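Listed here are the chains, written in short residue letters.
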Amino acid sequence: MNEPRIFISHSWNYDDYEDLEKLLKNRAYFDWQESSVPATEPIEGTRNEVWDTIENKIKWSQVVILIAGVYATYSNSIKREISIAKYYGKPIIAIVPFGQERTSYLTAYATETVGWRADSVVKAIRKYC
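Residues numbered from 1 in each chain as written. Predicted model: local features only at pLDDT ≥ 70, side-chain atom pairs only at ≥ 80, totals over all residues. Heavy atoms only, no water.

**Some words on the environment of I125**
For I125, the position within the fold is in helix α4 (residues 118-128). Residues I125 and W32, spaced 93 residues apart in sequence, show a C-alpha to C-alpha distance of 9.9 Å. Excluding residues that lie within four positions of it along the chain, I125 makes contacts with P4, I6, L24, F30, V63, I65 and I93. (Helix = DSSP H or I, 4+ residues; strand = E, 2+ residues; numbered from the N terminus. Contact = heavy atoms within 4.5 Å.)

The following block contains the structure:
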């Protein structure tokens with residue numbers, strides 16, 4: 001099976017991004033390629049150059065993942081990433097943070113919404129890749 005190419009939106013705090021990354025990396029029998037922009041390798045350049053790079057990363061990915069916590073509601077970056085993903089026909093998986101009772105309205109843009117469990121996330125990724 002080919003390794004899915006995943007763009008993880010990180011327009012939230014990097015702790016969530018890193019926790020999700022660890023969740024996927026520690027999942028047995030699941031290898032994947034990251035198409036995101038890790039905190040350790042920020043994109044440099046003008047605002048347009050940064051967004052061109054992000055667009056290319058989303059375009060290359062097979063699936064886009066976003067964290068559906070309420071804080072995501074206020075992120076213009078996530079809204080733009082969703083717009084790019086929709087433009088290129090990329091499925092969007094929204095992940096509800098563990099223990100979160102309220103989620104962002106951005107789940108309305110998701111192809112599928114799952115809980116913060118490795119099996120649920122991996123099952124959704126495999127479904128769309």
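Picking up after the structure, the text goes on.
**Section: helix α2 (residues 47-60)**
Under the 1.5 Å per step criterion, the end-to-end length of α2 is 20 Å for 14 residues, consistent within 8% with the ideal 20 Å. On the buried face of α2, the contacting elements are β1 (5-8), β3 (63-67) and α3 (76-87). (Expected span 1.5 Å × (residues − 1).)

**Some points on the confidence of the model for the chain**
Per-chain confidence: the chain averages 88 in pLDDT, with 91% of residues scoring 70 or above. At the low end of the mean pLDDT range in the chain sits helix α1 (residues 14-25), at 84; at the high end sits α4, at 97. (pLDDT = per-residue confidence, 0-100.)

**Some points on the side chain of S61**
Structurally, S61 is set in the loop between α2 and β3. S61 gets classed as buried once you look at its relative accessible area, which sits at 0%. Each residue touching S61, except ones within four places of it in the same chain, is listed here: R5, I6, F7, S35 and K90. (Buried < 20%, exposed > 50% of the residue type's maximum accessible area, 1.4 Å probe, protein only.)

**Considerations on the nonpolar core**
Generally speaking, soluble globular proteins have nonpolar side chains that are buried together. Grouped together as the largest cluster of nonpolar side chains are 20 residues, with contacts concentrated most on I6, L20, L24, I95 and I125. Looking at this core, the elements with two or more residues in it are β1, α1, β3, β4 (92-96) and α4. Examining the composition of this core, we find that 5 residues originate from one element, α4, more than from any other. In terms of nonpolar packing, the next biggest core, distinct from the first, is built from 16 residues, V37, L66, I92 and L106 among them. (Core = buried A, V, L, I, M, F, W, Y, C linked by side-chain atoms within 4.5 Å.)

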